[in-house]
Each structure stands twice: as structure tokens, then as C-alpha cells.
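# Observations on chain architecture
Here is how the chains run, residue by residue.
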Amino acid sequence: MTVDRISLTDFLAALGTPAARHEPWPRFELSVEGWTGLRDRLAAVPAWSLLGLWGETGMVHLALRDDTDGDIAVASLTCPQQSFPSLSGVRPAAKRLERAIQDLTGLAADGLDDPRPWLDHDRWRLRHPLAAVPGAPLGEPAPYPFLPSDGEGLHQIPVGPVHAGIIEPGHFRFTCQGETVVRLEERLGYVHKGVERLMKGRLPEEAARLAGRLSGDSSVAHTLAFCLAVEAALGVTAPRRAQLVRAVMAELERIANHVNDIGAIANDGGFAFLLAECAVLREQVMRTNERCFGHRFLMDRVVPGGIAVDLKQEGRQALADLLPVFAKRFRKLVSIYDAKSSLLDRTVGTGVVSSDLAHRFGAGGYVGRASSRGLDARRMPGYAPYDELDFQVPVLPEGDVNARVWIRIREVEQSLDLIAQILKRLESGPGRAFLPESHAVSEGMALVEGFRGEILAWVRISDGGRIERAHSRDPSWFQWPLLEAAIEGNIVADFPLCNKSFNCSYSGHDL
Amino acid sequence: MFGIIARNLLKGSRSEAVSEPGDRAVQDLLAKLHAAARRRLGRSLAIRQVDAGSCNACELEIQALSNPLYDLERLGLSFVASPRHADVLLVTGPVTANMREGLLKTWEATPDPKWVVALGQCAIDGHLFADSYAVVGGVSQVLPVDLVIPGCPPRPADILAGLLALIEAEGRPQAGVAASTAGADKG
Ligand code: SF4
């Protein structure tokens, strides 16, 4: 094996020592030299994409995947000096993750060129909540220093954190020249709820309820990722029926969100008709969710070991009522979108994300797939039951608002078809496996495709069966930075349209 | 598209036209809310929504009230962009430490008389996040709350019932009155 062809796992295995119980992919503990060696290697191998980077007391973890062969592994570094070499130079998406690690753990990212805090606005009751000994807050919060912008005729427009619409809070700082946006800078963290620390010491069942509220629109996907990580750690697999029903829930969630977004994007393009029609379709999915599982957002229906509510005859009937009507109506709306030249005029060529940027930031979901990055966690690494189902992963090269709309359209079609396939396979059986008692510390990880893209969940469970550390990385981490790039050179008035076409999560990002 | 519009015109309003269990209850609520709004308000009620730290599901249910099946606006209740035009602040989320100031400033910018409605379990008492270092707690930790609408998240029908209770119970809000909550009216 030449050094150029060495796999990610082999490379890390040569650098460090494997952790005792980390499933289903290995984790290696590296020395500082190993970590910097890995950093240099990352500069040379762009296909090793960043899946996650998170900290805990005295330690950082880095999850990577080789996008060419699907090899996944985690590298860890113990930080006795309370610092670790920054990876932001070789993986730009690491920057905000490292700023968050600094805020939460107090570990310093050496070489990080942005010293500003990210999630910590100096309003919390304590500093470094995940450190061994959290500190006291600094005191009077200083104004956040936005990046300076000098130039002839530039002016700034601050927006938020409280926005005009019924949406989540965050701050946008536009620097403009006339109507044209020269730069957008985001400031997030407003809805940080300290979920990771709240999960500490909980039983997996309790922590799963928190995971289901990281981003309410992705409740199924986040809970599923968390539960799969717990199940991996404890060496248990949800029964087949639970896997299938979970997938029904996940696809319903994807459809409800995508159709809502399509309507909202059209509305921001000045076409309210589609908003109204799509909102009705969404509402029908939400009501079907309630009929099937007793909750419109399906919260707390996925639980460690399986499902809490099974699909009964009444639910199957509700789905049978919904699916053909939905599909027919949706087709009609798509043809309207496609024929509306005044709307396409707004969405085509607007808010372009280059393929290069999407790859460099490791962006997933419709943001990545509309810019040629055709990854989908249901495929790679894949998880049950998708390995036995037939579906396409749509990919487009244009990278504009229109492409992000079309990816959603195609995914709705695929999801409708997936639900039909799953229902055909559904046989009676148990909906939940008992979690075995935990006698040793164990770690698990999972990747799940939410409607926005890949969600990474990681847990360490104590020998007493409680959560020691849990981390969830929302897809928005790798999409928010691209929104800044997408709006550059566009006019301010197109920002709502671009923003809606991304629909990044604030709560899922802020944690 | 014109086919759909024509069909909608012929078939009449889409609002709650679908026949599903529970729709009758929603229809009743909408009718009651309409009557109460006319009787008690005499004009429209302007609602400003503030997300003070929610998971976004509460927002999505509030948004759903604008879809053609609920169509809140036709009852004279509208969502406004500026707190300066608002009669009601509809607050969601366990107020995060990072949003406390934003919430307070929005409240200060809202002219008297004004109501504050805490929507969702988080806004009522902080829910699962109550013990966090990053969370202040329910909205009543920061502002006088006039009404709570429980649920995680409350369904659109629950929100309609809550708004109806608000209008029925109070009529126009009083200036400067730090009214206590309407209790756990299951909305
Ligand atoms: S009450 Fe429930 S749905 Fe609403 S913000 Fe809180 S967790 Fe989310």
C-alpha cells in the first residue's frame, strides 16, 4: 500500500491507539504530533471530509469520512495544555466549530485566526460549561466586534436578532455598496440552550427527548441519530418493524419540511399562490402524522431501542388517504412552478454556491446536492432500512436558488415512493428492543439524513448506563457559512429568497 | 394554476373544507374566535411573535395558522412585523440568556396597552431546558404574562382556543397592568 492510497482508518491506526469500545466506526487517540500529522494529511486529501469536531473536558474529537469510499473514523486528542492545533486552515468549516469548542470547554484552538467567541455572548450563568470546573461569567458583555469593512461608499445594515417574520432569531450584518451586498456576516448563538450539558447524567430515554427538541422541524432525524448512536454504543439493534416505522416517520418529516420550503421560497419570489397551496399540503402531512402517531411533529415517537408508538390500522388508512392525493396535487404545483417564468426569473442564477465551496465546507442536504456534492447519509454510510429500498439521490450542478428548489422537489417524490415501498414491507413484530444493562463505558456514533442534510450524533455512555457526553452536529453548521458566500454580489432584496432556499436551523446550530 | 384558482372559487373557501376528525372542533373555534374578535375588539388584533429560544416547532405551528385551512387573518387577527404595531406579544421558547435582552427590548418597543402570551411549555416554565446555565426560564421570569397556551408544541387548534380565551377574558388589554396569567387554560 503506498502512502497515497492508504485508507483513512489505516492512516489513523498507524498514528494512534484505538479506543476500547467505539461503534460502529473506530476512534483513535492521537498525540499532538499525530494530530498535526493528520492536519497536514487533510491539506493533501480534500476527499477526507469533516463530519464533526467537538470537545469535552480536556479532549477534542474529529470525525472524518473519505467521501470516495465511505470510510469513517474518529480521531481524538487529549489536551493537557488545554489547547489543540486548529484545523481551520485545512477545513474552513472547522472555524465556527472550534470557536464553539473554545466557548463550551475552555480548550484553546491554537492557530485559529478568529479569536471572537461564537455561542457565548457572555450572558450565561457560567463560562465553559463543559470544562471540569466551569468559570464565572466575565461580566458586562462587550459589543461584538463585527469584521471591519473599509471602502468607498460602503454602508452597513444590521438585521436581528429579532426578525420581522415568524422565524428564529439570529443577527445578520450586511455591508452594501448601493443595493449590492458586498459582505454578509452572521452572528448566531441566540437560542443556545445548553442541551449538551443538560444531557449529561441522564438516562438515554430522557436525553432522547432533548435530542428531539434540538431543532423541532427535524425532531425525528435528530432523535433517530441520537438513538442510533446509543444503540451502537450498547450493541443493540432496533427490531425490523421499528426500523421501518422510523423510516416512515423520517420521510414524512422530510416531505412536510420540503413542501413548506418550496412554498416559502416561491412566496419570497413574489408568488404567494404556491405558498398557500404548499402550506395546505404540509398541513395535511402534519394531520396525518397526528392520526398515525399522535403527534404532529412526531416528537418522542422514536426512542432508544425502537419506537414508542407503532403504526396501527388507522394510521395505515391515514397514509393511504394522504399519499395519492398528495402526489397528484404536488405534481400539479411543480408544473406550475416550472412554467412560471416570472418566478424562475427570481430563482435562476440567484444565490449561487459553487461546487468547490460546497465541497470545501462539506455541505450536505439540498445545499450540497444543488452544488454537485451528491452525498446522502441514507446511502453512505447507509442505515436500515434504506439499504433494501430503491431511491435516487438527486444532484444538480447549478448551485442557485432554483437548483435548491428542484432538489427538494425530487426528494419529495422519492420520499413518497419510499413510504410506499416501506409500507409494503411492514410485517408485524416487536417495536422496541430492551436496552441491555451497561457494564462498561461505551461510545457510539451515527449519521442520519435529516431534511437539511447529514446529522452526526455521538454519545459516551457510562458503566451505569447514563449519558456521559453527547454531541449532535446539525447540518446547518456546514451551510450557514455558505449562505454568507451565496448572497455576495446579489442585491439586498434577494436575501430573503436566498435565506429561505437554505433554511438553516438556528436552534439546531446553537444547541 | 388558473384551474386551481377557479376550482377554489367554485368550491368556496378552502378554510377547513377538508373532512377529517377534529375539523368540526376547529371550525367551531374559528367561528367563536371570529364572533369574539368582532364583539370585543371592534377592530383587528395585531400579534407580534417573538422567538426567545424555541426549538422552532412552536413557530411552525403559529405559521400554520396563516395557511388557508385556518386563515387567521380573515378573523381580524394578523401577524405584524414590528412590535410598534402590536397589541399582543406572542412569545415562544425557554427564554435563553442570549435572547433575554432582545425580548425585553421588543416588549419596550410595543406600545401600551399590550398583552403578553406565553406559547408552548418552554415559554411557560422552561420545560426540559429549565435547569440550563443558558436559560432564564419561562417568559414570566422576564415579562408580565397575561395568558399561557400549553403544549409542546400547542397544535394550531390549541393556539386558536388560547387566543379566543384571551379576547374573551380581557377585552382590550389595560395599560400598565401586570396581569397574572389566565392559568393553565388548556387553550
Ligand atoms: S414548547 Fe416544545 S415545541 Fe415549543 S419550543 Fe419548547 S420544546 Fe419546542
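What you see is a predicted model; the values in this text were computed from it and never measured.

### Regarding the overall build of chain B
When helices and strands are tallied, chain B shows six helices and seven strands. Each helix and strand of chain B, placed in order from N terminus to C terminus, yields the pattern α-α-β-α-β-β-β-α-β-α-β-β-α. Taking all 187 residues of chain B together, the buried fraction comes to 58%. Excluding contacts between residues fewer than 6 apart, the proportion of contacts in chain B whose partners are at least 24 apart in sequence is 82%.

### Here's the deal with the sheet that holds strand S15 (residues 454-461) of chain A
Residues and elements named next belong to chain A. Across the sheet, which stays open at both edges, the four strands sit in the order S2-S14-S15-S16 with mixed pairing between neighbours. Both outer strands of the open sheet, strand S2 (22-23) and strand S16 (467-473), are each paired with one neighbouring strand and no more. Here two bridges tie S2 to strand S14 (residues 442-449), and the two strands are oriented parallel to one another. Counterpart to His 22 in the pairing with S14 is Glu 443.

### Observations regarding helix H7 (residues 240-268) of chain A
Quick reminder: α-helices carry 3.6 residues per turn. Residues three or four places apart thus point the same way. Between its first and last C-alpha atoms H7 of chain A spans 42 Å; for 29 residues at 1.5 Å apiece the expected length is 42 Å, and the two agree. Looking one or two places after H7 of chain A, you find Gly 270 of chain A, whose phi comes out positive at around 90°.

### Digging into the interface of chain A and chain B
When the parts of a complex come together, some accessible area is lost, and that lost area is often used as the size of the interface. Contacts between chain A and chain B engage 54 residues on the former and 51 residues on the latter. Of the roughly 4500 Å² buried between chain A and chain B on both sides combined, carbon and sulfur atoms contribute 59%. Its largest share of buried area at the contact with chain B, chain A owes to Ile 166, Lys 193 and Arg 287 of chain A, together 17% of the area lost on that side. Joining chain A to chain B, the criterion identifies three salt bridges. In this structure, Arg 123 of chain A and Glu 101 of chain B form a salt bridge, with 2.6 Å as the shortest nitrogen-oxygen distance. Applying the counting criterion to the chain A and chain B interface returns 22 residue pairs in polar contact (both at pLDDT 80 or more). In terms of residue count, helix H8 (residues 272-293) of chain A provides more of the side of chain A that touches chain B than any other element does, ten residues in total. Of the residues contributing to the side of chain A that touches chain B, the split by class is 25 nonpolar, twelve polar and 17 charged.

### Concerning the sheet that holds strand S6 (residues 72-78) of chain A
All names here are of chain A. Sheet architecture is open: five strands sit in the order S1-S3-S6-S5-S4, paired in mixed fashion. Both edges of this open sheet fall to strand S1 (17-18) and strand S4 (48-56), since each of them pairs with a single strand only. Sheet topology places strand S3 (residues 27-30) next to S6; four bridges connect them, and they run parallel. Of the residues in S6, the one forming a bridge with Leu 30 is Leu 77.

### With respect to the domain arrangement of chain A
All names here are of chain A. Domain boundaries in chain A define domain 1 (3-110) and domain 2 (234-456). Relative to domain 2, the C-alpha centre of domain 1 lies at a distance of 30 Å. Taken together, the contact pairs 21 residues of domain 1 with 16 residues of domain 2. Carbon and sulfur atoms make up 61% of the surface buried where domain 1 meets domain 2, a total of about 1500 Å² over both sides. Its largest share of buried area at the contact with domain 2, domain 1 owes to Arg 21, Trp 25 and Arg 65, together 36% of the area lost on that side. Residue Arg 373 pairs with Asp 67 through a salt bridge whose shortest N-O separation is 2.8 Å. Joining domain 1 to domain 2, the criterion identifies eight residue pairs in polar contact (both at pLDDT 80 or more). Every element with two or more residues in the side of domain 1 that touches domain 2 is listed here: S2, S4, strand S5 (59-66) and S6.

### Comments concerning the packing of aromatic side chains
Under the definition given, this model contains 15 aromatic pairs over all chains. Plain terms: the ring middles of Trp 124 of chain A and Tyr 133 of chain B are 5.3 Å apart, the flat faces sit at 70° to each other, and that makes the pair edge-to-face. Of this pair, Trp 124 of chain A sits in the loop between strand S8 (108-110) and strand S9 (154-159) while Tyr 133 of chain B sits in the loop between helix H5 (121-125) and strand S6 (135-137), each in a different chain. Exposure class is identical for Trp 124 of chain A and Tyr 133 of chain B. Each is buried. Measuring from ring centre to ring centre gives 6.4 Å for Tyr 366 of chain A and Phe 451 of chain A, while their planes differ by 40°; the resulting arrangement is tilted. With Tyr 366 of chain A in helix H12 (residues 365-369) and Phe 451 of chain A in the loop between S14 and S15, this residue pair connects regions lying 85 residues apart in the sequence. Of the two residues, Tyr 366 of chain A and Phe 451 of chain A, neither departs from the other in class, the shared state being buried.

### Brief notes about the environment of Val 95 of chain B
Residue and element names in this part refer to chain B. You can see Val 95 is positioned in strand S4 (residues 95-96). Given the relative accessible area of 0%, Val 95 is considered buried. Sequence-wise, Val 95 and Gly 138 are 43 residues apart; in three dimensions their C-alpha atoms are separated by 6.1 Å. Not counting residues up to four positions away in its chain, the partners in contact with Val 95 are Ala 52, Arg 100, Leu 103, Val 135, Val 136, Gly 137, Gly 138, Val 139 and Val 142.

What counts, and where the lines are drawn
- Residues numbered from 1 in each chain as written.
- Chains lettered and ligands numbered in written order.
- Predicted model: local features only at pLDDT ≥ 70, side-chain atom pairs only at ≥ 80, totals over all residues.
- Heavy atoms only, no water.
- Helix = DSSP H or I, 4+ residues; strand = E, 2+ residues; numbered from the N terminus.
- Buried < 20%, exposed > 50% of the residue type's maximum accessible area, 1.4 Å probe, protein only.
- Contact = heavy atoms within 4.5 Å.
- Pairing = 2+ DSSP bridges.
- Expected span 1.5 Å × (residues − 1).
- Buried area = accessible area lost by both parts, 1.4 Å probe.
- Salt bridge = Lys/Arg side-chain N within 4 Å of Asp/Glu carboxyl O.
- Polar contact = N/O pair within 3.5 Å; in protein donor to acceptor, adjacent residues only side chain to side chain.
- Nonpolar A, V, L, I, M, F, W, Y, C, P; charged D, E, K, R; others polar.
- Domains from an automatic or database assignment.
- Phe/Tyr/Trp six-rings, centres within 6.5 Å; stacked < 30°, edge-to-face > 60°.

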